[in-house]
Amino acid sequence: MKLNLKVIQPLLLIGLFSLQSCSPIFNGIYGFKKLKTLTEDEIITTAVKFNIPLENCLVLDTNYKSLLKSFDTLTQAETVKNHYQPLQMLYFNKDKKLISFHANCYAGGFPNLKWDRTKSFSTFPPQTVAPLDSLFGYSMILKYTHKLKPMAQNLNEQMVDEYVVLVFWNRFLGRQSKRMIALLQQNAALAKDKNLKIIYINNDNFFVQNLD
């Protein structure tokens, strides 16, 4: 059975921060912004504000939904839900094996997500919080991204980095995105002499198309 995203979408919105309110007051407390289609210039402007290196910034294709829909409803729904979250950090080793996974639905917290409530980010790589899986591999995810033009290098090539982190971020979750990125970069400083690459994947336009 193929996964029904019409079921997953409400779960995403309800489980985003373990709260069900979508009121303006709720949005303001969490720092949410209006979900809207972003031009490439707007993505670039937001990336700069969030301290994201533009040469490492990609954009999630809206047809990423086709990958999400390709999995089995009965056996893989939980895994797909985790990879459908708007804020994610996925750590891969040099063999491109997922070794640490963090998604907003596992963070909890109010009025900000508490990514580090179990002190996972006190070491590098951080201890995983979300369950690890092999369905959404490094290369598979990158197939559903495209570069910002003209500054991005070819990030889809085979790389020899000891660690690679894929970070899903956006403008519409505002402060929560910015805080996640700051924590990620603080943790990356613990890598010291390790060869590390961080790739930032903006997903604003994906959610505009798939949360209507």
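See the structure printed just above.
Here's a quick rundown of the structure. (Residues numbered from 1 in each chain as written. Predicted model: local features only at pLDDT ≥ 70, side-chain atom pairs only at ≥ 80, totals over all residues. Heavy atoms only, no water.)

Considerations on the side chain of Ser120
- Tracing the backbone through its elements, the reader meets Ser120 in the loop between β3 (98–103) and α6 (138–142).
- Not counting the four nearest positions on each side in its chain, Ser120 is found in contact with His102, Pro126, Gln127 and Val129. (Helix = DSSP H or I, 4+ residues; strand = E, 2+ residues; numbered from the N terminus. Contact = heavy atoms within 4.5 Å.)

Some remarks on the pattern of salt bridges
- What the rule picks out here adds up to two salt bridges.
- Between Glu42 and Lys36 there is a salt bridge, and its shortest N-O distance comes to 3.4 Å.
- Close ionic contact of Lys81 with Glu78 constitutes a salt bridge, the shortest N to O distance being 3.5 Å. Of this pair, Lys81 and Glu78 are both found in helix α5 (residues 73–83), three residues apart, which corresponds to roughly one turn of the helix. (Salt bridge = Lys/Arg side-chain N within 4 Å of Asp/Glu carboxyl O.)

Topic: the nonpolar core
- Core analysis: the largest hydrophobic core is formed by 60 residues, its most contacted members being Trp115, Leu166 and Trp169.
- For this core, the leading source of residues is strand β5 (residues 163–169), giving seven residues.
- With residues near it in sequence (within four places) discarded, Leu166 still touches Gln88, Met89, Leu90, Phe92, Tyr138, Ile141, Leu142, Ile199 and Ile201. (Core = buried A, V, L, I, M, F, W, Y, C linked by side-chain atoms within 4.5 Å. Buried < 20%, exposed > 50% of the residue type's maximum accessible area, 1.4 Å probe, protein only.)

Things to note about the environment of Ala130
- The residue Ala130 is located in the loop between β3 and α6 in this model.
- Looking at Ala130, the relative accessible area reads 2%, which means it is buried.
- When residues no more than four places from it in sequence are discounted, the contact partners of Ala130 are Phe101, His102, Ala103 and Tyr106.

Regarding the packing of aromatic side chains
- Applying the stated criterion across every chain yields a total of 13 aromatic pairs.
- Judged by centre distance (5.6 Å) and plane angle (65°), the rings of Phe92 and Tyr138 are edge-to-face. Remark: Tyr138 occurs in helix α6 and Phe92 occurs in strand β2 (residues 88–93); sequence separation between them is 46 residues.
- The structure contains a cluster of three or more aromatic residues connected by ring pairs, namely Tyr64, Phe71, Tyr84, Phe136, Tyr144, Phe168, Phe172, Phe206 and Phe207.
- It is Lys96 that lies over the ring of Tyr138; its NZ or CZ is 5.3 Å from the centre. (Phe/Tyr/Trp six-rings, centres within 6.5 Å; stacked < 30°, edge-to-face > 60°. Lys NZ or Arg CZ within 6 Å of the ring centre and 35° of its normal.)

Brief notes about the environment of Ala103
- Within the secondary structure, Ala103 is located in strand β3.
- For the pair Ala103 and Gln85, spaced 18 residues apart in sequence, the C-alpha separation works out to 6.4 Å.
- For Ala103, the contacting residues outside a window of four places in its chain are Asn82, Gln85, Leu87, Gln88, Trp115 and Ala130.

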